Amino acid sequence: MTNLRSLPSVEQMLQTEAAAYLIARFGRPLTLDAIRFVLDDTRARFRSGLMPDPPSTELILAQTESQLTAWTKSTLLPVINASGVILHTNLGRAPLSDATLRAMDILSRGYSTLEFDIESGKRGSRLIHTESLLGKLTGAEAALVVNNCASAVLLILSALANKKRVVISRSQLVEIGGGFRVPDVMKQSGAKLVEVGTTNKVRLSDYKTAAAEPTALIMRVHRSNFKLVGFTEEPELKDIVEAAYAAGVPVVDDLGSGALYDTAKYGLAHEPTVQESMRAGADIICFSGDKLLGGPQAGIIIGRADLISKIKKHPLARAVRADKACLAGLSATLLHYLKDEAEREVPIVKMMSLTLKQIKGRAEAWAAELGQGQIVEGESTVGGGSLPGESMPTFLLSLQVKSAEKFLRALRKNNPPIIARTENDKVLLDPRTVLPEQEGALLVGLKNLLKKA
Ligand SMILES: *Cc1c(COP(=O)(O)O)cnc(C)c1O
């Protein structure tokens with residue numbers, strides 16, 4: 001019987017041409033690690049009798065390569081989103097515009113004026129870069145950008161309401177998603193939650209009564225991901241603001257999505273816009289950068305200069321500040337709105353504004369290219385915790401396969417992964433959310449998999 005001594009040593013393995021090739025690709029330390037790992041594993045298996053003969057040097061090197069590939073393979077991959085969900089939270093929400101990507105790329109490659117004032121040659125503020133754009137777009141006196149809207153809420157409450165009362169309606173104590181619960185965040189900030197109204201009804205008098213005692217803020221939270229229907233009542237924001245003003249209490253409006261445009265234009269329900277909230281007189285408004293705005297992940301806080309100034313000075317502001325790539329990208333995205341070119345440039349707005357004819361044309365072209373599939377009517381949704389229950393009519397490519405579930409899995413394992421859905425054992429692909437530059441890869445993947453299915 002052969003024994004373990006016939007296994008090559010690490011040194012011997014390193015002499016081979018194959019090892020030199022692995023070192024060139026993966027670097028020496030990692031390749032050494034992998035060789036040792038495979039040799040240890042081989043010895044263990046040989047001793048336990050799982051392996052009758054020690055493997056050849058070639059086989060060990062092949063296993064080393066597999067190990068190196070596994071160690072260095074990214075799990076964060078681009079995918080093709082054919083699900084028809086425009087702001088798919090699990091798929092990274094908003095794809096970015098070309099100008100946004102260019103701005104992020106240029107800013108990240110080198111040094112920048114992130115916190116540098118060209119005039120004086122002294123330290124500047126990272127917040128000025130977005131502040132004037134946000135002011136122009138919304139009319140807000142001041143603005144600040146943080147990591148995301150969840151941290152915006154935490155920061156606002158920590159800075160303005162620590163150990164103080166914050167009045168909020170019971171109908172707005174919502175869970176936004178991923179365990180982000182408004183009442184928990186409020187507690188985390190040290191604010192004292194004062195719940196008013198009931199699950200379905202809150203009246204202006206409820207707010208007035210609560211705000212009669214010393215109160216730091218009245219908070220309104222947009223019910224982003226569910227609808228309240230039936231026997232319900234809620235005062236309008238402008239009336240809450242009026243009552244709050246009389247009581248000397250500022251109003252914070254957490255809009256969540258914070259569209260700068262009217263979603264009703266695309267056949268969807270009306271999502272409250274940032275401009276409306278400003279017009280209603282909210283003192284502080286916060287919203288996400290990567291929901292209906294279609295920019296990079298960010299939390300945007302706008303509003304009264306005195307309050308924003310307090311927020312900027314809070315220690316948490318530093319902990320949740322936005323980085324240079326985010327600020328550069330967000331500015332570029334905001335500029336699309338300022339130049340009234342969002343429909344042409346911001347990918348998610350473009351997706352919403354596609355006509356049925358355009359979508360049908362793409363689905364038909366796919367079917368023609370694949371030589372199979374039917375075009376059926378269907379629905380796309382906005383997702384991303386926006387516009388619950390709302391959908392837009394679309395056309396889908398419907399594929400008949402042996403097992404839809406198996407095919408869906410094979411699509412996910414494609415390179416790049418393709419995310420589709422099934423219905424009645426058919427595989428459905430929505431052209432609305434597939435980026436035009438991904439169509440080629442989508443069709444190559446589909447052709448290959450359909451051959452095997
Ligand atoms: C989505 C949402 C948030 C959280 O926003 P992120 O940018 O995901 O952190 C907060 N509040 C509301 C109302 C939301 O809809």
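No experiment lies behind these values; they were computed from the predicted model shown.

## Some remarks on the site of the ligand
(1) Moving on: Around the ligand, the structure places 13 residues, and the nearest of them are Arg-93, Ser-224, Asp-254, Ser-288 and Lys-291.
(2) Moving on: Within the contact set of the ligand, an oxygen atom lies 2.4 Å away from a side-chain nitrogen or oxygen of Ser-224.
(3) Moving on: Compared with its free state, where it exposes 380 Å², the ligand has 94% of that area covered by protein.
(4) Moving on: Counting only elements with at least two residues in the shell around the ligand, the list comes to helix H7 (149-161) and strand S11 (251-256).

## Here's the deal with the sheet that holds strand S18 (residues 426-429)
(1) Moving on: With mixed pairing, five strands are arranged side by side in an open sheet as S2-S14-S15-S18-S17. Strands with a single pairing partner mark the edges of an open sheet, and in this sheet they are strand S2 (85-87) and strand S17 (421-423). Along the sheet, successive strands turn relative to each other by an average axial angle of 40°, direction set aside.
(2) Moving on: Relative to S18, strand S15 (residues 391-400) runs antiparallel, the two sharing four bridges. Across the sheet, residue Leu-397 finds its bridge partner in S18, namely Leu-429.
(3) Moving on: Contacting S15, S17 and S18, helix H18 (residues 404-413) runs over the sheet at an angle of about 40° to S18.

## Details of the pattern of salt bridges
Any two side chains of opposite charge can pair, so long as their charged atoms come close to each other.
(1) Moving on: Applying the stated criterion across every chain, the model contains 26 salt bridges.
(2) Moving on: For Lys-312, the salt bridge is made with Glu-131, and the minimal N-O distance between the two is 3.2 Å. Of this pair, Lys-312 sits in helix H12 (residues 305-313) while Glu-131 sits in helix H6 (residues 128-138); the two residues are 181 residues apart in sequence, bridging distant segments of the chain.
(3) Moving on: The exposure class of Lys-312 is partly exposed, given its relative accessible area of 32%.
(4) Moving on: When salt bridges that share partners are traced, they join Glu-115, Arg-123, Arg-126 and Arg-321 into one network.

## Comments concerning the packing of helix H17 (residues 356-370) against helix H19 (residues 439-452)
(1) Moving on: Contact pair H17 / H19: the axes reach a minimum separation of 10 Å and the direction vectors enclose 40°. Taken together, H17 and H19 sit at an angle that is classed as oblique. Between H17 and H19 the crossing geometry is right-handed. For the pair H17 and H19, contact is made by Arg-362, Trp-366, Glu-369 and Leu-370 and by Glu-439, Leu-442, Leu-443, Leu-446, Lys-447 and Leu-450, respectively.

## As for the sheet that holds strand S12 (residues 284-288)
Each strand in a sheet pairs with another by means of backbone hydrogen bonds, the pair being arranged parallel or else antiparallel.
(1) Moving on: Judged by pairing direction, the sheet is mixed, and its seven strands sit side by side in the order S5-S13-S12-S11-S10-S6-S9 without closing on themselves. Each edge of the open sheet is held by one strand with a lone partner, namely strand S5 (142-146) and strand S9 (192-196). In this sheet, adjacent strand axes meet at a mean angle of 20° when their direction is disregarded.
(2) Moving on: Here H7 sits on the sheet and contacts S5, strand S6 (165-169), strand S10 (217-221), S11, S12 and strand S13 (299-303); the angle it forms with S12, its principal contact strand, is near 160°.

## Observations regarding the packing of helix H9 (residues 204-211) against helix H10 (residues 237-247)
Two measures define how a pair of helices packs: the angle their axes make with one another and the distance between the axes.
(1) Moving on: Between H9 and H10, the least distance of the axes is 10 Å, while the angle of their chain directions is 20°. With respect to H10, the element H9 is oriented roughly parallel. In the crossing of H9 with H10, the sense of the turn from one axis to the other is right-handed. Within the contact between the two elements, H9 uses Leu-204, Tyr-207, Lys-208 and Ala-211 and H10 uses Asp-239, Ile-240, Ala-243 and Ala-247.

## Things to note about the packing of aromatic side chains
(1) Moving on: Applying the stated criterion across every chain, the model contains three aromatic pairs.
(2) Moving on: Relative to Trp-71, the ring of Phe-37 has its centre 5.6 Å away and its plane inclined at 70°; by these criteria the two rings are edge-to-face. With a gap of 34 residues between them, Phe-37 in helix H3 (residues 28-47) and Trp-71 in helix H4 (residues 57-72) connect regions that are remote in the sequence.
(3) Moving on: Plain terms: the ring middles of Tyr-261 and Tyr-266 are 6.3 Å apart, the flat faces sit at 65° to each other, and that makes the pair edge-to-face.
(4) Moving on: Residue classification places Tyr-261 among the buried positions, given a relative accessible area of 11%.
(5) Moving on: Overall, Tyr-266 belongs to the buried group, its relative accessible area being 12%.
(6) Moving on: Through a chain of ring-to-ring contacts, the aromatic side chains of Tyr-261, Tyr-266 and Tyr-337 assemble into a single cluster.
(7) Moving on: The ring of Phe-231 carries the charged tip of Lys-201 above its face, separated from the ring centre by 3.8 Å.
(8) Moving on: If you follow Lys-360 out to its NZ or CZ, it ends over the ring of Phe-395, 5.0 Å from the centre.

## Concerning the domain arrangement of the protein
(1) Moving on: The domain boundaries assigned to the protein delineate domain 1 (3-72), domain 2 (80-87 + 348-452) and domain 3 (98-343).
(2) Moving on: Between the C-alpha centres of domain 1 and domain 3 there is a distance of 55 Å.

## What about the pairing of S18?
(1) Moving on: Taken together, the three bridges between S17 and S18 define a ladder with antiparallel strand orientation. Bridge assignment links Arg-421 to a residue of S18, and that residue is Leu-428.
(2) Moving on: Hairpin geometry of S17 and S18 is characterised by an intervening segment of two residues between the two adjacent antiparallel strands and by a positive phi of about 50° at Asn-424.

Calculation criteria
- Residues numbered from 1 in each chain as written.
- Predicted model: local features only at pLDDT ≥ 70, side-chain atom pairs only at ≥ 80, totals over all residues.
- Heavy atoms only, no water.
- Near = heavy atom within 4 Å.
- Polar contact = N/O pair within 3.5 Å; in protein donor to acceptor, adjacent residues only side chain to side chain.
- Areas by Shrake-Rupley, 256 points an atom, 1.4 Å probe, with all protein chains shown as cover.
- Helix = DSSP H or I, 4+ residues; strand = E, 2+ residues; numbered from the N terminus.
- Pairing = 2+ DSSP bridges.
- Axes fitted to C-alpha atoms, helices over the stretch in contact; angles between N-to-C directions.
- Contact = heavy atoms within 4.5 Å.
- Salt bridge = Lys/Arg side-chain N within 4 Å of Asp/Glu carboxyl O.
- Buried < 20%, exposed > 50% of the residue type's maximum accessible area, 1.4 Å probe, protein only.
- Parallel < 35°, antiparallel > 145°, perpendicular 65-115°, else oblique.
- Left-handed = near helix turned anticlockwise from the far one by under 90°.
- Phe/Tyr/Trp six-rings, centres within 6.5 Å; stacked < 30°, edge-to-face > 60°.
- Lys NZ or Arg CZ within 6 Å of the ring centre and 35° of its normal.
- Domains from an automatic or database assignment.

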